[in-house]
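If you want the building blocks of each chain, they are given just below.
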Amino acid sequence: MNLFVIRRPSAWASLQELEAAGAKSAKVAKEQMSGTVSWIRSYVVHEPDGRIGTFCIYEAKDGDAIRDHAKRVGMPGEEFYPILDTVILRNDPMTAAA
């Protein structure tokens, strides 16, 4: 398994849409793609157009598994990059959403 960052720009109109997509994503990964794709975390951002986007960290067999998972969920999955290394200066701070 390899680590990837996936960019999903302006994919959702609201946090409710994102939550529904996240639930479906987790279900597909667990029930249909176990051992091939694993969602680690997502950073949710407000896009300049007012929509919601994400940067997601996934563990996956390869890029084809990333694309297949995104297709099954019905969300963007073409903009992804293999993670070469991780540099952590400190842990992510807790947010109000946590």
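Residues numbered from 1 in each chain as written. Predicted model: local features only at pLDDT ≥ 70, side-chain atom pairs only at ≥ 80, totals over all residues. Heavy atoms only, no water.

Colleague: Can you break down the nonpolar core residue by residue, with the values?
Modeller: Among the nonpolar cores identified, the biggest contains 18 residues, and Ile 6, Trp 12, Val 37, Tyr 58, Ala 60 and Ile 66 are the most heavily contacted of them. Those residues in contact with Ile 6 that sit more than four places away from it in its chain are Thr 54, Phe 55, Cys 56, Tyr 58, Ile 66, Gly 77, Glu 79 and Phe 80. (Core = buried A, V, L, I, M, F, W, Y, C linked by side-chain atoms within 4.5 Å. Buried < 20%, exposed > 50% of the residue type's maximum accessible area, 1.4 Å probe, protein only. Contact = heavy atoms within 4.5 Å.)

Colleague: Account for the pattern of salt bridges, with residues named and values stated.
Modeller: Side chains bearing opposite charge may pair, as long as their charged atoms lie close to each other. Going through the model one piece at a time under the given rule, you end up with five salt bridges. Notably, a salt bridge pairs Arg 7 with Glu 47, separated by 2.8 Å at the nearest N-O pair. Of this pair, Arg 7 sits in strand S1 (residues 2–12) while Glu 47 sits in the loop between strand S2 (37–46) and strand S3 (52–60), placing them 40 residues apart in sequence. Given the relative accessible area of 11%, Glu 47 is considered buried. In this structure, Arg 41 and Asp 92 form a salt bridge, with 3.1 Å as the shortest nitrogen-oxygen distance. Taken together, the residues span a long stretch of sequence, with Arg 41 in strand S2 and Asp 92 in the segment after strand S4 (80–82) at a distance of 51 residues. (Salt bridge = Lys/Arg side-chain N within 4 Å of Asp/Glu carboxyl O. Helix = DSSP H or I, 4+ residues; strand = E, 2+ residues; numbered from the N terminus.)

Purely geometric stuff here, so don't read any function into it on its own.
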